[in-house]
Amino acid sequence: MPEDPRLDLNRTDLARELLREAVFQSRAKQAAGTSLARAESDSKLRNCGLGAKAAIELGLSDKGLELAARLWPVPLHAQATARCEQVIAEWIERQDALDRKRNHFLRDFRAANGFERAKYTAEQLSAFESGLERINADEDRQRTLAGEQLALE
């Protein structure tokens, strides 16, 4: 089965970068909400610094708008726009889950092995690095899949 001609590396890279920008925008919204919640005297938030759940922000930054214009030089019709917004929103939620997974790995590893990497044995350092590499590789793979979906529009 031949590859879709619309799916080239440049478009996928643009889409991956657009997804990254969408996460940055959502993180800013999420951080503001988390800061406000922590400021409340009766707040019992116990999390890994990301708040209770992902914040979905579909408004793009200037860089996001530039990437979108390069990815879609001809404006998308309403149905395609809705599909793209869905892909972006789903990616933001997946990225949030992956970031939580990374933060929990770090918390658990440090609880078991200490915070000073300089004091890790070669075996501990290898386990630390390979754990992060697995999470990062999964994130890259999933962002590429989501980017390919955007690049097809």
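Residues numbered from 1 in each chain as written. Predicted model: local features only at pLDDT ≥ 70, side-chain atom pairs only at ≥ 80, totals over all residues. Heavy atoms only, no water.

Draft legend 1. Spotlight on the overall build of the protein chain. A tally of helices and strands in the protein chain yields 4 helices and 0 strands. When the elements of the protein chain are put in sequence order from the N terminus, they spell out α-α-α-α. Scored against the burial criterion, the 153 residues of the protein chain give a buried share of 35%. Put simply, of all contacts in the protein chain between residues at least 6 apart along the chain, 81% involve residues at least 24 apart. (Helix = DSSP H or I, 4+ residues; strand = E, 2+ residues; numbered from the N terminus. Buried < 20%, exposed > 50% of the residue type's maximum accessible area, 1.4 Å probe, protein only. Contact = heavy atoms within 4.5 Å.)

Draft legend 2. Looking closely at the pattern of salt bridges. This model, assessed by the stated rule, comprises 15 salt bridges. Between Arg 27 and Asp 99 there is a salt bridge, with the nearest N and O atoms lying 2.2 Å from each other. Pair noted here: Arg 27 is in helix H1 (residues 9-39) and Asp 99 is in helix H3 (residues 78-113), with a separation of 72 residues, a long-range link. You'll find Arg 27 and Asp 99 in the same group, each marked buried. (Salt bridge = Lys/Arg side-chain N within 4 Å of Asp/Glu carboxyl O.)

Draft legend 3. Representation of the packing of aromatic side chains within the structure. Across all of its chains, the model carries 5 aromatic pairs by this definition. Through a chain of ring-to-ring contacts, the aromatic side chains of Phe 105, Phe 109, Tyr 120 and Phe 128 assemble into a single cluster. (Phe/Tyr/Trp six-rings, centres within 6.5 Å; stacked < 30°, edge-to-face > 60°.)

Draft legend 4. Structural detail: the nonpolar core. Judged by nonpolar contacts, the single largest core of 18 residues is most densely connected at Leu 18, Leu 19, Leu 71, Trp 72, Ile 88, Trp 91 and Leu 150. When contributions to this core are tallied by element, the ones reaching two or more residues are H1, helix H2 (62-71), H3 and helix H4 (122-151). Look past the residues within four positions of Leu 18 in its chain and what remains in contact with it is Leu 60, Gly 64, Leu 67, Ala 68, Leu 71, Trp 72 and Leu 150. Core analysis: the next-biggest nonpolar cluster, separate from the first, contains 7 residues, Phe 105, Tyr 120, Phe 128 and Ile 135 among them. (Core = buried A, V, L, I, M, F, W, Y, C linked by side-chain atoms within 4.5 Å.)

Draft legend 5. Region of the structure containing the side chain of Asp 96. Summarising the element assignment, Asp 96 is placed in helix H3. In this structure Asp 96 comes out as buried when scored by relative accessible area, which is 5%. Polar side-chain contacts of Asp 96 include one of 3.0 Å to the side chain of Arg 27. (Polar contact = N/O pair within 3.5 Å; in protein donor to acceptor, adjacent residues only side chain to side chain.)

Draft legend 6. Expanded view of the confidence of the model for the protein chain. This prediction gives the protein chain a mean pLDDT of 85; 80% of its residues lie at or above 70. The lowest-confidence element of the protein chain is H1, averaging 79 in pLDDT; the highest-confidence one is H4, averaging 96. Note on residues 41-45: pLDDT is under 50 here. Beyond four places in sequence and across chains, it has 5 contacts. (pLDDT = per-residue confidence, 0-100.)

Draft legend 7. Main features of H3. Here H3 is 36 residues long and its end C-alpha atoms lie 52 Å apart, about the 52 Å a rise of 1.5 Å per residue gives. Phi turns positive one or two residues past the end of H3, at Gly 114, with a value near 95°. (Expected span 1.5 Å × (residues − 1).)

Draft legend 8. Fine view of H2. All of the buried residues along H2 are Gly 64, Leu 67, Ala 68 and Leu 71. Down the axis of H2, the buried set is contained in an arc of 100°. They therefore lie on one face. Turned more than 90 degrees off the buried face of H2, the exposed positions are Asp 62 and Arg 70. (Arc of directions from axis to C-beta.)

Draft legend 9. Geometry of the environment of Asn 136. Here Asn 136 is to be found in helix H4. Given the relative accessible area of 33%, Asn 136 is considered partly exposed. Taking the C-alpha atoms as reference points, Asn 136 and Asp 99, 37 residues apart in sequence, are found 9.4 Å from one another.

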